[in-house]
Amino acid sequence: MDTILQTIDLRKSYKIGKIENPVLHGISLEIKKGEFVAIMGPSGCGKSTLLHLLGGLLSPTSGNIIIDGEDLARVSDAQRTDIRRRKIGFVFQRFNLFPTLTAEGNLKLAEKIHTGNGGSDGVNRREVLRLLKLDDKMHHKPLELSGGEQQRVALARAVVNNPAIILADEPTGNLDTENSEIVLNMFSELNRKFNQTIIMITHNPEAAAVCSRIVRMRDGLVVDN
Ligand SMILES: Nc1ncnc2c1ncn2[C@@H]1O[C@H](COP(=O)(O)OP(=O)(O)OP(=O)(O)O)[C@@H](O)[C@H]1O
Ligand SMILES: [Mg+2]
């Protein structure tokens, strides 16, 4: 199998005032195309930091992040943004939906950002809304949706452009069992049908159990993978 994503000795410190606070101490990880990976570990160990780095949302202090042969740490900001738009779908720990847009509007905006204005025929959008059981909610704004439905819209938005890599930060963290199952089934189905590579942070052993691999972190390091 091809490697789709690799980090080499990845380090990240956050600066607070004049103090450097190291959070990741050298993460070397290789992920193959089509893997469905769970990242687990105690609160504060650096999971979200790692995911934001992988998604090009943060810059590393040192080390490499290679996506499909391109090193995110070596390219310009504009190129990094471009790689992110073409290849990555991100589901945040908080939903980050646009409150004034409907569920459908949030998806259309993501399509617009992806295509650079050309819009989309909407075939994939309708399929994704159907898969996530949101057909009858597409004209609702976020505040008119339950937490579980909002998370499903956030997930729909992340996958609507069919990214090669989906990064999800605790996508079932705030969901009840029923909604968690819908979301996990969606991930499994995408992974199986389209061979999408999925990297998902979770605290939930049941969610990790549907993954093909578990990466365990502690204190800014990978301790098992
Ligand atoms: N923007 C920031 N500025 C300064 N410190 C930060 C920032 N973001 C995170 N940190 C610190 O980095 C450490 C790791 O945070 P991170 O969010 O990566 O943890 P996590 O493993 O995702 O935890 P959780 O399971 O609670 O979400 C924490 O100690 C946190 O306080
Ligand atoms: Mg986190």
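Please read all numbers here as calculations on a predicted model, not as lab measurements.

Visitor: When you look at the overall build of the chain in this model, what are you seeing that I'm missing?
Guide: For the chain, the count of helices and strands is 7 helices and 10 strands. In terms of overall dimensions, the chain is globule-like: its C-alpha atoms have a radius of gyration of 17 Å, near the 17 Å expected for 225 residues. The C-alpha extent of the chain, read off along each of the three principal axes, is 45 × 40 × 40 Å. A total of 225 residues make up the chain; the buried ones form 48% of that total. Taking the contacts inside the chain whose residues are at least 6 apart along the sequence as the reference set, 71% of them involve residues at least 24 apart. Surface accessibility of the chain: about 11000 Å² in total, with carbon and sulfur atoms responsible for 48%.

Visitor: Help me understand the pattern of salt bridges in this model?
Guide: Summed over all chains, the structure comprises 16 salt bridges. Where Arg213 meets Glu35, a salt bridge forms, and the shortest distance between an N and an O atom there is 2.8 Å. With Arg213 in strand E9 (residues 213–218) and Glu35 in the loop between strand E2 (19–32) and strand E3 (36–40), this residue pair connects regions lying 178 residues apart in the sequence. For Arg213, a relative accessible area of 13% corresponds to the buried category. The salt bridge partner of Lys193 is Glu127, with a shortest N-O separation of 4.0 Å.

Visitor: Can you walk me through the environment of Ser146 in this structure?
Guide: One can find Ser146 in the loop between helix H4 (123–131) and helix H5 (147–159). Note on Ser146: relative accessible area 34%, which makes it partly exposed. Residues Ser146 and Arg126, 20 residues apart in the sequence, show an inter-C-alpha distance of 20 Å.

Visitor: What exactly am I supposed to notice about helix H2 (residues 77–87) here?
Guide: Spacing of three or four residues puts side chains on the same side of an α-helix, whose turn is 3.6 residues. Within the sequence span of H2, burial applies to Arg80, Ile83 and Lys87. Along H2, the residues classed as buried sweep out an arc of 60 degrees about the axis, all on the same side. Exposed residues on H2 whose side chains face more than 90 degrees from its buried face are Asp77 and Ala78. Looking at the buried side of H2, the elements it contacts are strand E4 (62–67), strand E5 (70–71), strand E6 (88–91) and strand E7 (165–169).

Visitor: Would you mind going over the site of ligand 1 with me for this structure?
Guide: Ligand 1 sits among 14 residues. The nearest are Ser43, Gly44, Lys47, Ser48 and Thr49. In this structure, an oxygen atom belonging to ligand 1 sits 2.5 Å away from a side-chain N or O atom of Ser43. One of the backbone nitrogen or oxygen atoms of Cys45 is found 3.3 Å away from an oxygen atom of ligand 1. Relative to its unbound accessible surface of 640 Å², ligand 1 loses 62% to contact with the protein. Mapped onto the shell around ligand 1, the elements with two or more residues apiece are strand E1 (3–16) and helix H1 (47–54). For the shell around ligand 1, the element with the highest residue contribution is H1, accounting for 3 residues. Residues of the shell around ligand 1, tallied by class, amount to 5 nonpolar, 7 polar and 2 charged.

Visitor: Looking at this structure, how should I read the packing of aromatic side chains?
Guide: Inspection of the entire model under this criterion finds 2 aromatic pairs. Seen from their ring centres, Phe36 and Phe187 are 6.1 Å apart, and the 50 degrees between their planes marks the pair as tilted. With a gap of 151 residues between them, Phe36 in strand E3 and Phe187 in helix H6 (residues 177–194) connect regions that are remote in the sequence. Like Phe36, the residue Phe187 is buried in the burial classification.

Conventions and cut-offs
Position labels on residues start from 1 in each chain and follow its written sequence. Chains carry letters and ligands carry numbers; both start at the beginning, A for chains and 1 for ligands, and go up in the order they are written. For a predicted model such as this one, the threshold for reporting local features is a pLDDT of at least 70, and the threshold for listing and counting side-chain atom pairs is 80 or more; totals across whole chains, interfaces and linings nevertheless cover every residue. As a rule here, side-chain values come from all non-hydrogen atoms in the structure, and water together with hydrogens is ignored. Only DSSP runs of H or I covering at least 4 residues are called helices, and only runs of E covering at least 2 are called strands; the numbering of each starts at the N terminus. Between the two quantities, the radius of gyration covers C-alpha atoms and the globule rule is 2.2 Å times the number of residues to the power 0.38. Three labels apply to residues, based on accessible area from a 1.4 Å probe with only protein chains included: buried if under 20% of the type maximum, exposed if over 50%, partly exposed otherwise in between. Any two residues having at least one pair of non-hydrogen atoms within 4.5 Å are treated as being in contact. All accessibility values rest on the Shrake-Rupley procedure with a 1.4 Å probe; residue burial counts only the protein chains present in the view. We count a salt bridge whenever a side-chain nitrogen from Lys or Arg sits within 4 Å of a carboxyl oxygen from Asp or Glu. It is the directions from the helix axis to the C-beta atoms whose arc is reported. If even one non-hydrogen atom of a residue comes within 4 Å of a molecule or strand, that residue is called near it. N or O atoms closer than or at 3.5 Å make up a polar contact, with two conditions inside protein: a donor-capable atom paired with an acceptor-capable one, and, for residues adjacent in sequence, both atoms drawn from side chains. Residue classes follow a fixed rule: Ala, Val, Leu, Ile, Met, Phe, Trp, Tyr, Cys and Pro count as nonpolar, while Asp, Glu, Lys and Arg count as charged, and any other residue, Gly among them, counts as polar. Only Phe, Tyr and Trp rings take part, Trp by its six-membered ring, and two of them pair if their centres are within 6.5 Å. Stacked means planes under 30 degrees apart, edge-to-face means over 60, and tilted covers everything else.

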